[in-house]
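# Residue-level structural notes
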Amino acid sequence: MSSHAEASSDASPQPVAVVVGGGLAGITAALALADGGMDVTLLEGRPRLGGLAFSFKRGDLTVDNGQHVYLRCCSAYRWFLDRIDATDLAPLQDRLDVPVLDAERNRLGRLRRTALPVPLHLARSLATYPHLSLAERANVGRAALALKGLDLTDPALDERDFGSWLAEHGQSERAVEALWDLVGVATLNAVAGECSLALAAMVFKTGLLSDPGAADIGWARVPLGELHDTLARKALDSAGVTIGLRTRATSISRTENGRWAVEVPEGPDSSGQILTADTVVLAVPQRETYDLLPDGALDDRERLLGIGTAPILNLHVVYDRKVLKRPFFAALGSPVQWVFDRTESSGLTEVPGTAGVQYLAVSQSAAQDDIDEPVAALRERYLPELERLLPGARGARVIDFFVTRERTATFAPTPGTGALRPAARTRAPGLYLAGAWTATGWPATMEGAVRSGVGAADAALAAQGRPRGHLFREAA
């Protein structure tokens, strides 16, 4: 890595920024700071960008570490896709349509919207949803209206759990399983009883009760690495950002003249140096942030250690034939949660001696019970479940079965977590925080990560008296 930040501090009138962390939050912050006229260096300890939304090679397959989706209401992530010229590679559904398969009753239902205004856009789908009784559907409608009336600025909501609120509003265990947790576990990475009411209310109000198209689903039709590494790196290069991969910051401190010194030790891509900057954005996980923060930067730095983490498990199965006709589906009455067809995006081609191959990714959120299970045990548990859900899999040969685990995939959205999440600004002038775990108001999603980068860059640019660009404002 070049000493771009250090040299620029003397040779250029531009304010200098160092962003630590090359996940979505750090990439976004670096792009926005560069767009705002700052001289930016981005440091990432891994050999790639993208953080926890990345791809890797397994033989001829290009595999995403996990299935990531976004919604039409995710305005910041949509801005990010546009900014890196990737919108066409991660298209949205024309209209929300989620197939929901009940393994125990062998029934298929769908959660679909119409073009009618909120809340009528989901009325027809809810009225015919076969996984709930007539009384349960009516109670769901009443709970949704009560949810719509909650004030998201009320701090008391963060102290309550969503499950008890649902029970108070007439939601049966079946309704929680077949609707509220079906959506909530995938977006919040926690079951209703272990999730902050504030975050759950934000998800459902924004995604299902704000705009008819807010919950339309989008996902990458190419490997995530093509978006979050290849195209993101190209955009950063075009913006003039210096990128240091395999380059980890080990300390941050004040210089005698009030600027910041970021120490980078010797490594594979770095000869070791100290970068000086006017602005530093820490866009790393909460534990790493805790270790790097200088004394006095937060009123109570210890609170960062109170923000827990939650795992996500992904099972990857390659069959010797096509067993799933839909792009994806969600499951009930089974340990299986969501299943996606990743055949085309992985680059999988015909295998000699087969009748056509298909690669499925099974996404398991809130996976505390399974995250450390051996691959053999997971195979024994989940392959029969896929056969129960997909008749075509019963006679199919499994060509490959493997597992990816993210033990600290997200912050845990437990009650009380909202009070622990710090804002972008710290008490130290010129030092800012980013990451999906910061106080974005969103759960730990790609949207939350990008919003955090936007927020940190916005605060830094405001401190420098530099106005934001139009696209940047659209994401805020």
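Higher on the page you've got the structure.
Values in this document were obtained by computation on a predicted structure and should not be read as measured data. (Residues numbered from 1 in each chain as written. Predicted model: local features only at pLDDT ≥ 70, side-chain atom pairs only at ≥ 80, totals over all residues. Heavy atoms only, no water.)

## Topic: the sheet that holds strand β7 (residues 107–112)
Ordered in space as β7-β6-β15-β16-β17-β14-β18, the seven strands form an open sheet in which the pairing is mixed. With partners counted over all chains shown, the strands left at the sheet margins are β7 and β18 (398–411), one partner each. Each neighbouring strand pair of the sheet contributes to a mean axis angle of 25°, computed without reference to strand direction. Contacting β6 (97–102), β7, β15 (328–332), β16 (338–341) and β17 (358–365), helix α7 (residues 173–188) crosses the sheet at an angle of about 140° to β15. (Pairing = 2+ DSSP bridges. Helix = DSSP H or I, 4+ residues; strand = E, 2+ residues; numbered from the N terminus. Axes fitted to C-alpha atoms, helices over the stretch in contact; angles between N-to-C directions. Contact = heavy atoms within 4.5 Å.)

## Some words on the environment of arginine 105
Within the secondary structure, arginine 105 sits in the loop between β6 and β7. Sequence separation between arginine 105 and aspartate 181 is 76 residues; the distance between their C-alpha atoms is 19 Å. Beyond its immediate stretch of four places on either side in the chain, arginine 105 contacts His131 and Arg174.

## Quick look at the packing of helix α2 (residues 24–35) against helix α3 (residues 75–83)
Geometry of a packed helix pair, given as the angle between the helix axes and the separation of the axes. At their nearest, the axes of α2 and α3 sit 12 Å apart, and the two run at 65° to each other. On the basis of the axis angle, α2 is roughly perpendicular to α3. Here α2 and α3 pass one another in a crossing that is left-handed. Along its contact with α2, which presents Leu24, Ile27, Thr28, Leu31 and Asp35, the element α3 presents Tyr77, Trp79, Phe80 and Arg83. (Parallel < 35°, antiparallel > 145°, perpendicular 65-115°, else oblique. Left-handed = near helix turned anticlockwise from the far one by under 90°.)

## Things to note about unusual backbone geometry
Residues valine 118 and proline 119 are joined by a peptide bond in cis, for which omega reads 0°. Among the structural elements, proline 119 can be located in the loop between β7 and α4 (123–127). Here the phi dihedral of aspartate 85 falls at roughly 60°; this positive angle occurs in a residue that is not glycine. In this fold, aspartate 85 is placed in the loop between α3 and β6. Taking relative accessible area as the criterion, aspartate 85 reaches 67% and is therefore assigned exposed. (Buried < 20%, exposed > 50% of the residue type's maximum accessible area, 1.4 Å probe, protein only.)

## A short note on empty space enclosed by the protein
Applying the stated rule across the entire model yields two cavities of 30 Å³ or more. Taken together, Thr62, Val63, Asp64, Gly66, Gln67, Pro223, His316, Arg342, Ser345, Ser346, Tyr359 and Ala361 make up the lining of the largest cavity. Every element with two or more residues in the lining of the largest cavity is listed here: β4 (61–64), α11 (343–346) and β17. Partitioning the lining of the largest cavity into residue classes produces four nonpolar, six polar and two charged. Each pocket or cavity is described by its volume, and for the second largest cavity that value is around 30 Å³. Taken together, His68, Tyr70, Tyr77, Ala90, Trp219, Ala220, Leu224, Leu227 and Met446 make up the lining of the second largest cavity. For the lining of the second largest cavity, a count of residues per class yields eight nonpolar, one polar and no charged. (1 Å grid on protein atoms, 1.4 Å probe; cavity = no way out; pocket = protein on both sides within 12 Å on 5 of 7 lines; lining within 4 Å. Points joined across faces, edges and corners; volume = space filled by probe spheres on them. Nonpolar A, V, L, I, M, F, W, Y, C, P; charged D, E, K, R; others polar.)

## Re the packing of aromatic side chains
One pass over the full model with this rule turns up 11 aromatic pairs. Judged by centre distance (5.6 Å) and plane angle (35°), the ring pair of phenylalanine 162 and phenylalanine 204 falls under tilted. Highlighted residues: phenylalanine 162 in helix α6 (residues 162–168) and phenylalanine 204 in helix α8 (residues 197–208), separated in sequence by 42 residues. Side by side, phenylalanine 162 and phenylalanine 204 carry an identical accessibility label, which is buried. Taking 5.3 Å as the distance between ring centres and 80° as the angle between the ring planes, the aromatic pair formed by tryptophan 219 and phenylalanine 328 counts as edge-to-face. With tryptophan 219 in strand β8 (residues 217–219) and phenylalanine 328 in strand β15, this residue pair connects regions lying 109 residues apart in the sequence. Exposure class is identical for tryptophan 219 and phenylalanine 328. Each is buried. (Phe/Tyr/Trp six-rings, centres within 6.5 Å; stacked < 30°, edge-to-face > 60°.)

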